[in-house]
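Below, each chain spelled out in residue letters.
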Amino acid sequence: MAKKNQSIGKDIFRTAIIDSFKKLDPRNMVKNPVMFVVEIGFFLTLLLSIFPNLFGGHYELSQIPFNLVISFILLITVLFGNFAEAIAEGRGKAQAESLRRTKTDLMADRREKEGSYEKVPASTLRKGDVVRVTAGGMIPADGEVIKGLGSVDESAITGESAPVIRGAGGDFSSVTGGTKLLSDELIIEVTVNPGESFLDKMIGLVEGASRQKTPNELALTVLLAGLTLIFLIVVVTLGPFAGYVHGSIDTVTLIALLVCLIPTTIGALLSAIGIAGMDRIIRFNVVAKSGKAVEAAGDVNTLILDKTGTITIGNRLASDFIPVGSHNLKDLINTAVLSSLFDETPEGRSVIDLAKKDGVTLSREDYNDAENVDFSADTRMSGLNLPDGTMVRKGAVDAIKEDVQKKGGRIPEDLDAKMERVAKEGGTPLAVIKNQEIYGLIYLKDIIKPGMRQRFEELRKMGIKTVMCTGDNPLTAATIALEAGVDDFIAEAKPEDKMRLIREEQEQGKLVAMSGDGTNDAPALAQADVGLAMNTGTMAAKEAGNMVDLDSDPTKLIEVVSIGKQLLITRGSITTFSIANDVAKYFAIIPAMFTTIIPQLQSLNIMHLTSPRSAILSAIIFNALIIPLLIPLAMKGVKYRPVSATTLLVKNLLIYGIGGIIVPFLGIKIIDLIITGLGLSNI
Ligand SMILES: Nc1ncnc2c1ncn2[C@@H]1O[C@H](COP(=O)(O)OP(=O)(O)OP(=O)(O)O)[C@@H](O)[C@H]1O
Ligand SMILES: [K+]
Ligand SMILES: [Mg+2]
């Protein structure tokens, strides 16, 4: 989607400038206490330019140009802050615009009560409606495929041109309105009402319309407001203090001092940093439902991944039939096909396909009166109940064994050895039963995605623990876990086990991220601090998670974590810089203010600025200029490499702390020289 427009275009720039002025509205500014104080400072200095003796004191005509200049610089400071926020928002708005263009007026084939189909505008479709889409047609609304299988071009949403398979049953059943069916026919049940579609929600998210301060941002805002209040008290008491030593400091100078001391740099950039972080996630084709989710990603300690489809390719196909006990291959294949006759999962269909190669096919029509039992992650079985009471199932070996034992059946002696052989190769064995007789195994093959080991290595360097959580048996799980290089694994996990694992980690004070696509993953996705749902997954999963990956690549959690960390580090670095920065301005202004009153303070005047007024001007100009200079850093983020948290902290303190002290010394001195050169040092 957004990959294409990464640069900031002319339009965004122009809109951002206009928005910087609109944002001057005090009702908006009050949300940012630090910058609001600067705005109040602007109004006061402006008033004092017009009425220099507003607060008493003696009227000096020479005061007016100086007051005006200070007032103007304060206005510019506020505008710079607003511009930073506006430009960060602008990119999102541009992306929303391009998404909106993909929303065209579609027509839909809606099923009526009598079962016939009628053409209606897609905008009238409601939750529960059933529509038919044929090859070449557009999918009119978000929904769940209830019949059929076809390839879909989702490039309008994901930017990926490779078609994806969508079909009934399994974890690939959800489709998105505005995408195009390339082959076959799908019957789809609409899952959303008008205006609530995935695309609508995405537009809202990238536009930032629903953006709220994250808890971290809120905490930092409170802290910055506290600092501002402290400096306000300090500066206000300076007046009487000067009076005590028989001097006086004019109000404009005090306001300039206050603005220099309060953390305006971070105050101005805080919101832009957050928006830019969200934006970076979007450019990775991940839609985050809140900024909080992105931040949580930066603090994640434990990553929970499922095996099938995340660590492995996930296209688990039947590759062999292995009879056990006294049963022959033919009987096993027949029973396996019977158990899979109505199983729409990729596993089920692959059994039918493999049997066909062995010359065994059964027709669904002959079994119309059989009762179909769908696969569920709870039972870990699927199959049929025939009208004569015969029960046919295939499923996870431990689940089948338990079932057979409950019915008083016998476990064939060679079952375990044969199952182990499959599992040790990383395959998934499914046992096949008719009533209480185990006929043999189906060997489901899956392979590990390339590059997984490396990615887990990176995560380890970041101090993140990876746990594979699978419904498969312990042996298969152990094989895959070892091969992929995860830190830990849990096997034979039911959906509630995933959730329990997440809770246990959270109870130890850890932040947990997981990715998932199935309906069975939904509770865990909701419980996790970061729940990354796959776009190919079911609606339930997408709704439960707080992020959706449009490319449906579960390993992207790794990038999401990096982006989250980068966001936190960027904010931390600029905060450090901002506060360190203010220390330097203190050294520029205080001596300048007091040297006439208390000559002893001359020893503090280490910067040797030309005149008190030039010192104040230089400091406040630097204070304003540093904001736009840091916008690129706020937007792009501080570079992040996987290293331990302490190394990172030390490094950033050195760069942004010490840098934050040195840079303004140089900057203010240079500005002072320029002002002096221009002959304005005694304005
Ligand atoms: N269509 C099916 N019919 C019968 N049994 C199945 C079917 N699909 C999977 N199984 C069995 O149920 C088990 C659990 O499946 P589930 O989808 O919950 O987890 P998984 O896909 O193995 O692992 P993961 O949680 O890593 O995705 C599988 O390991 C397999 O043994
Ligand atoms: K400041
Ligand atoms: Mg699964």
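Cut-offs applied
Residues numbered from 1 in each chain as written. Chains lettered and ligands numbered in written order. Predicted model: local features only at pLDDT ≥ 70, side-chain atom pairs only at ≥ 80, totals over all residues. Heavy atoms only, no water. Near = heavy atom within 4 Å. Polar contact = N/O pair within 3.5 Å; in protein donor to acceptor, adjacent residues only side chain to side chain. Helix = DSSP H or I, 4+ residues; strand = E, 2+ residues; numbered from the N terminus. Donors = N, O, S within 2.8 Å, 3.2 Å for Na, K, Ca; no water. Tetrahedral: all angles 85-135°; square planar, octahedral: opposite > 155°, others 65-115°. Buried < 20%, exposed > 50% of the residue type's maximum accessible area, 1.4 Å probe, protein only. Patch = residues over 30% accessible without salt bridge, like charges linked within 9 Å, V, L, I, M, F, W, Y side chains within 5 Å. Areas by Shrake-Rupley, 256 points an atom, 1.4 Å probe, with all protein chains shown as cover. Salt bridge = Lys/Arg side-chain N within 4 Å of Asp/Glu carboxyl O. Pairing = 2+ DSSP bridges. UniProt positions renumbered as here; feature names shortened; annotations may be inferred. Contact = heavy atoms within 4.5 Å.

Asker: Please provide a residue-by-residue account of the site of ligand 1, values included.
Answerer: In the region of ligand 1, 23 residues are neighbours, and K307, T308, D343, T345 and S382 sit closest. One of the side-chain N or O atoms of R316 is found 3.0 Å from an oxygen atom in ligand 1. Between ligand 1 and S382 there is a distance of 2.7 Å, counted from a nitrogen atom to a side-chain nitrogen or oxygen. Every element with two or more residues in the shell around ligand 1 is listed here: α11 (307–311), β14 (381–385), β15 (391–396) and β16 (428–434). Ranked by residues supplied to the shell around ligand 1, first place goes to β15 with three residues.

Asker: Can you lay out the coordination of the potassium ion (ligand 2) for me, pointing to particular residues and giving the numbers?
Answerer: Protein-derived coordination of the potassium ion (ligand 2) comes from V259 (O), C260 (O), I262 (O), T264 (OG1), D582 (OD) and N623 (OD1), at a distance range of 2.3 to 3.0 Å. Each of the six donor atoms around the potassium ion (ligand 2) contributes to a set of angles spanning 62 to 164°, which defines the coordination as irregular. We note that the donor set of the potassium ion (ligand 2) lies within a single chain, spaced as V-C-x1-I-x1-T-x317-D-x40-N. Note that V259 is positioned in helix α8 (residues 251–261) and N623 in helix α22 (residues 612–636), a separation of 364 residues in sequence. Taking relative accessible area as the criterion, V259 reaches 1% and is therefore assigned buried. Using a relative accessible area of 0% as the deciding quantity, one classes N623 as buried.

Asker: Hey, could you go over a nonpolar patch on the surface for me, with residue numbers and the actual values?
Answerer: A cluster of nonpolar side chains, namely V583, V650, L654, I655, I658, I661, I662, L666, I670, I674, L678 and L680, defines an oily patch on the protein surface of about 1,100 Å² accessible area. For the nonpolar patch, the element with the highest residue contribution is helix α23 (residues 645–677), accounting for nine residues. Along the chain, L666 turns up in helix α23. On the basis of relative accessible area, L666 is assigned to the exposed category, the value being 53%.

Asker: Break down the pattern of salt bridges for me, with residues and values.
Answerer: By the definition in use, this model includes 33 salt bridges. Notably, a salt bridge pairs R14 with D11, separated by 3.9 Å at the nearest N-O pair. A residue pair is termed a helical-turn pair when its members lie 3 or 4 positions apart in one helix, as R14 and D11 do in helix α1 (residues 10–22) at three residues. Between E217 and R571 there is a salt bridge, and its shortest N-O distance comes to 3.8 Å. Placement of E217 in helix α7 (residues 215–244) and of R571 in helix α21 (residues 557–594) is noted, with a sequence separation of 354 residues between them. Just as E217 is buried, R571 falls in that class too. Within the structure, one salt-bridge network assembled from shared partners comprises K307, R316, E347 and D472.

Asker: An account of the pairing of strand β2 (residues 117–121) is needed here, citing residue identities and associated values.
Answerer: For strand β1 (residues 107–111) and β2, the ladder comprises five bridges, and the chain directions are antiparallel. Bridged to M107 within β2 is P121. Linking β1 back to β2 in an antiparallel pair, the connection comprises five residues, with G115 at a positive phi of about 95°.

Asker: Pulling in residues and values, what's your account of the sheet that holds strand β8 (residues 180–181)?
Answerer: Spatial ordering of the open sheet is given by β6-β5-β8, a layout of three strands whose pairing is antiparallel. Strand pairing shows two members of the sheet lacking a second neighbour, β6 (164–167) and β8, which therefore form its edges. Summarising the sheet, strand β5 (residues 149–153) and β8 pair through two bridges and their orientation is antiparallel. The residue bridging V152 from the neighbouring strand is L181, located in β8.

Asker: So what about the UniProt feature "active site" (unreviewed entry) in the protein chain? Which residues, and what values?
Answerer: The positions that UniProt labels "active site" (unreviewed entry) are, in the present scheme, D306. Relative to the elements of secondary structure, D306 occurs in strand β11 (residues 302–306). In this structure D306 comes out as buried when scored by relative accessible area, which is 10%. Ignoring any residue separated from it by four or fewer positions in sequence, one finds D306 in contact with I311, M468, C469, K498, S515 and D521.

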